[in-house]
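Descriptive structure summary
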Amino acid sequence: MTTAAIAYSALCIAVLGSLGRIGRWFWIKIGPENQEAPSLRAAARSFAATLKAVSAAGLRRPLRSLAVDTLFQLHILKHDWRRWVMHMALFYGMVLLVVLHALDDFTLKPLGVDYMPTLNPWRFLRNLGGIMVLTGVAMAVWRCRADPFRKRTRSLADRLARTFLAAMVVSGILLESVQILSPAIFDAMVDDYAFSDDIQEIEALKTYWSSSWGSGVTAELPTDDAQILALGQEMHAAFCADCHDRPQSAFLSYPVSRALKPLADRLDRLGLEGLLWYLHFITACLGLALLPFSKFFHLLATPISLMVRAGGPAEATAPALRSVRRAMGLDACTHCGVCSQHCAVAVIYQAIPNPAILPSEKIGALKRWTNDAQSPVASQLAEGSFICTACGRCTQWCPSGIDLQDLWQASQKDLVRRGRGPAHHWIRSQNAAQWASGAGSKPLNPAHQAHTLGLGDNPETFWACVQCTTCTNVCPVVAVAEDPHRDLDLTPQQVMNLMRLQLRELALGARMVWDCVTCYQCQEHCPQGVRVADILYELRNEAVRRLQPIAPRAQGSEDAQGEA
Amino acid sequence: MQLAYYPGCSLQQSSALYDVQSRRIFSELGADLNEIEDWNCCGATSAGKVDDFMAVAMPARNIGIAEQAGFAEMVIPCAACYSRTLVAQQRMADDPALQTTINAELGRPVNGTLKVSSILEALAALIAQGALKDRVVHKLTGLHPVCYYGCMMTRFPCTVPVPDDVENPQGMETVLKALGIRATDWNYKTACCGASAVVNDPDTAHNLMAKIMKDAVARGANCFVVTCPMCQMNLDVQQDEFCRRHGIEERLPVFFITEIIGAAMAIAPSELQTDRHFVDGTTLLKELEQHDEQSQ
């Protein structure tokens, strides 16, 4: 009774939790399409729009996706057969165990098949499921260790998921091996099912089971006496054979039981069978209850996301559905790390240790930021987001079929809107003089001093500048400015002069520095060989490091330029 | 002829058509472009702009991959990737200590033997070997292109071995000449399109592009020819907007050099995805082809 209550509670938690997480897809807003505050009514509307869009797309493509992507996972096979083997072993191993073992009361028994857990093929299939899952977990652990990116980025969630799967299977194997072995269980079964009062017959059965059926029961009679064994076999045929196939078919548990055989009586005294049963049952129930709150949720989210995506590309879907698709994408991620292996800017992670540069980690940061806009992960996410070059390889490779490119573009716009945009957004909130007054009090933190050419620190850089204004005269940005002094604060040759005078704080926030298009006209034309464009470039980088900490956060809620 | 090929991020996504065209045209001209495996961003718009070490190390990694795969030459169609890679190679050559430091981090170290070629350099070499012989089907009489090089093919942060004149480059003109097309002379071939200012300072970018457009129109050009995907995208995608804001009536298609070669070789524009441009270029090419056929 208690066990049923525990199992049903776990099921309730799994169902309610999953519904809650699915509900969130319609609640949260990612991207610029729809900016109304989350409300039940808005969520209902977006749910209705999703249903409409999904039903309009028809069933053919989603069902095809279910078959191809979920049942056979051909999209994984296409990219990496080892990953496919790992994932298929985990997936079908668990399917076998859940359908034929965990839910046997609901699947096999109502079908009226000749079901008994100790009969074949059920016993064999259970062990097969077990070894599939264990192989999958072992491959996952190995792949994680062998890959430098995954090694650095594996998360608690990954380890938790693997540990749970392994614990479920290992406790099950131990339980079965103790059951094969246990003298106490043998005695109880004999009491219940062997209808004989003849001590001789019972002892013969014991001898037969001890010698041929792996039981750890102590035989009083000699095990090499053919007559006794024949009697034991007769008894076995009469009372046991209907429900028992040879335990050797439990190809995982049987060898374990052989190793434990010398301890058979002691294990019974410790009550290990009961302990293991509860351990196995509780891990399975916990696994079920954790489904919506762990990596396992991808079991639901990924196929749904794949089916919805099969309806067409993001830009072709109704605006109301786009945010839902993005939210689904966040949940469909299994943190497999394939995107980061193919990311064109992943190498930068070696120089700038911000995990949010890697798409597989950026999606996690985005998830946290979506839950809590004040989360400290925001600055990490912002830096990682704007390093992305939108090459689209992550989307091309994602085995869960998440439209990552669309997710990044949408979240970049969200970041800009909430004052987390790249430097050229916040630098315009003040003019050069205002920035200069603050910058003087904020010397450059040596920890933030990335590799630079060091041009600004080297007086020789400007030694030769004669203020001839050639740089200013060839500058196309100066040329198109109506009033360079008003629009640009300073001209290039004035910036060079400030550099000569070691007053570069005055130049950090100057629009000229920030509006430079790095066309290198100035540098090419400078008769004195001053590296004007490189200096402007360096100034911008210095400004980001020195001014960002004092930049007013959450300036102008709607930055029109951010949408450009 | 086997050439290493570095597409870079732009050709992967926003200018994917340039990737399709480059592969196709090179194979038509008898050279195979082999995309180097596991390449990374050149750093032009990612870490290279904030970290000077990465600015050299990121292209260095790609150079190392191409060298270790046994290639002698790598073609880079994107002007930004080309510039970053060429500059990185030069800086390592100038500073052996820097090369040693970077090599220590690389699985496939750089030894400095790779020739980094722009698409024009590679095309010019193939054409010089006679790759275009008997391949030109359409003369495209009536095509009056202005060749637009922009900044990154012509001006570099340091002295690098570029085979073209930086003030009056002739690479595109040479290729067009081999096709029998005479480029229209003009003033803005190395002017700046505004690059990423389109995002952070669109007024300036539109101003710059309007100047370029006005000169091209005044010279009687009926299209731009470019090699830089950034210039192409800016002039193409923004054209309606900057022309409207600056009172320019005309619209000029912005072709990659590969599209013009394809059109001359009678490759259907749809196969080169010319129909994906914002400013329609297929109509002009079709008219010229028909004109050619009638005059024959």
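Residues numbered from 1 in each chain as written. Chains lettered and ligands numbered in written order. Predicted model: local features only at pLDDT ≥ 70, side-chain atom pairs only at ≥ 80, totals over all residues. Heavy atoms only, no water.

**A short note on the overall build of chain B**
Per the secondary structure count, chain B includes 13 helices and seven strands. What you see for chain B is a C-alpha radius of gyration of 19 Å, in line with the 19 Å of a compact globule of 296 residues. Each of the three principal axes of chain B carries a C-alpha extent, and together these read 60 × 45 × 30 Å. The buried share among the 296 residues of chain B stands at 62%. For chain B, the share of sequence-separated contacts (at least 6 apart) that also reach a separation of at least 24 residues comes to 79%. Looking at chain B as shown, the accessible area adds up to about 11,300 Å², and 48% of this sits on carbon and sulfur atoms. Side chains of chain B give 23 positive and 36 negative charges; the mean places of these two sets differ by 3 Å. (Helix = DSSP H or I, 4+ residues; strand = E, 2+ residues; numbered from the N terminus. Rg over C-alpha atoms; globule rule 2.2 N^0.38 Å. Buried < 20%, exposed > 50% of the residue type's maximum accessible area, 1.4 Å probe, protein only. Contact = heavy atoms within 4.5 Å. Areas by Shrake-Rupley, 256 points an atom, 1.4 Å probe, with all protein chains shown as cover. Lys, Arg positive; Asp, Glu negative; His and termini not counted. Charge placed at Lys NZ, Arg CZ, Asp CG, Glu CD.)

**Structural notes on the domain arrangement of chain B**
When the parts of a complex come together, some accessible area is lost, and that lost area is often used as the size of the interface. Residues and elements named next belong to chain B. The domain boundaries assigned to chain B delineate domain 1 (2-122) and domain 2 (136-295). Relative placement of domain 1 and domain 2: their C-alpha centres are 24 Å apart. Counting residues at the interface gives 28 residues for domain 1 and 30 residues for domain 2. Taken together, the two surfaces of domain 1 and domain 2 that pack against each other cover about 2,500 Å², and 76% of this comes from carbon and sulfur. (Domains from an automatic or database assignment. Buried area = accessible area lost by both parts, 1.4 Å probe.)

**Digging into the pattern of salt bridges**
Residue and element names in this part refer to chain B. For the structure shown, the criterion picks out 34 salt bridges over all chains. Between R61 and D38 there is a salt bridge whose closest N-O contact spans 2.7 Å. Taken together, the positions of R61 in helix α3 (residues 52-68) and D38 in the loop between β2 (32-35) and α3 put the pair 23 residues apart, joining distant regions of the chain. One salt bridge in this structure joins K189 and E173, with 2.7 Å as the shortest N-O distance. (Salt bridge = Lys/Arg side-chain N within 4 Å of Asp/Glu carboxyl O.)

**Some thoughts on the sheet that holds strand β4 (residues 115-118) of chain B**
The strands making up a sheet associate through backbone hydrogen bonding, with each pair oriented either parallel or antiparallel. Residues and elements named next belong to chain B. Within the open sheet, the four strands sit side by side as β2-β1-β3-β4. Their pairing is parallel. Two strands close off the open sheet at either side, each with one partner strand: β2 and β4. For this sheet, the mean angle separating the axes of adjacent strands, direction not counted, is 40°. Where strand β3 (residues 73-76) lies against β4, four bridges are found, and the strand directions are parallel. When the bridges of β4 are listed, I76 appears paired with S118. Strands in contact with helix α4 (residues 79-94) are β3 and β4; relative to β4, the strand with the most contacts, it is inclined by about 155°. The strands that helix α6 (residues 119-128) touches are β3 and β4; relative to β4, the one it contacts most, it runs at about 90°. (Pairing = 2+ DSSP bridges. Axes fitted to C-alpha atoms, helices over the stretch in contact; angles between N-to-C directions.)

**Description of the pairing of β3 of chain B**
Residues and elements named next belong to chain B. Residues of β3 alternate between two faces, with E73 and V75 on one and M74 and I76 on the opposite face, all of them buried. Where strand β1 (residues 2-5) lies against β3, two bridges are found, and the strand directions are parallel. Residue pairing in the sheet places A4 in a bridge with M74 of β3.

**As for empty space enclosed by the protein**
Counted according to the given criterion, the structure contains nine cavities of 30 Å³ or more. In this structure, the largest cavity occupies an estimated 260 Å³ of space. Around the largest cavity, the lining is made up of 20 residues, and of these L453, D534 and Y537 of chain A together with G48 and D52 of chain B lie nearest the centre. Elements with a minimum of two residues in the lining of the largest cavity: α33 (532-547) of chain A together with α3 and α4 of chain B. (1 Å grid on protein atoms, 1.4 Å probe; cavity = no way out; pocket = protein on both sides within 12 Å on 5 of 7 lines; lining within 4 Å. Points joined across faces, edges and corners; volume = space filled by probe spheres on them.)

**Topic: helix α29 (residues 492-500) of chain A**
Residues and elements named next belong to chain A. Where α29 is concerned, the buried positions are P492, Q493, V495, M496, L498 and M499. Check the buried side of α29 and you find it contacts α25 (460-463), α26 (470-474), α27 (476-480), α30 (505-508), α31 (511-515) and α33. Directly after α29, the chain includes Q502, whose backbone phi takes a positive value near 55°.

**A closer look at the confidence of the model for chain A**
All names here are of chain A. Predicted confidence across chain A gives a mean pLDDT of 87, with 95% of residues reaching 70 or more. Ranking the elements of chain A by mean pLDDT puts helix α8 (residues 148-153) last, at 72, and α26 first, at 96. Segment residues 554-564 is flagged for pLDDT under 50; beyond a separation of four residues in sequence, or across chains, it makes 22 contacts in the model. (pLDDT = per-residue confidence, 0-100.)

**A look at helix α10 (residues 183-193) of chain A**
All names here are of chain A. Within the sequence span of α10, burial applies to P183, F186 and V190. Along α10, the residues classed as buried sweep out an arc of 55° about the axis, all on the same side. The elements touched by buried residues of α10 are α9 (156-181), α11 (199-212) and α14 (264-270). Among the residues of α10, the N-terminal cap falls to S182, whose side-chain oxygen and the backbone nitrogen of A184 are separated by 3.3 Å. (Arc of directions from axis to C-beta. Polar contact = N/O pair within 3.5 Å; in protein donor to acceptor, adjacent residues only side chain to side chain.)

**Here's the deal with the interface of chain B and chain A**
Across the contact, 39 residues belong to chain B and 38 residues belong to chain A. For the pair chain B and chain A, the summed buried surface comes to about 3,200 Å²; carbon and sulfur atoms form 57% of the total. Run the count over chain B and chain A and you get zero salt bridges. Applying the counting rule to chain B against chain A returns six residue pairs in polar contact (both at pLDDT 80 or more). Elements that contribute at least two residues to the side of chain B that touches chain A include exactly α1 (8-12), α3, α8 (197-200) and α9 (202-218) of chain B. Looking at the side of chain B that touches chain A element by element, the count peaks at five residues for α3 of chain B. Along the lines of polarity and charge, the residues of the side of chain B that touches chain A split into 20 nonpolar, ten polar and nine charged. (Nonpolar A, V, L, I, M, F, W, Y, C, P; charged D, E, K, R; others polar.)

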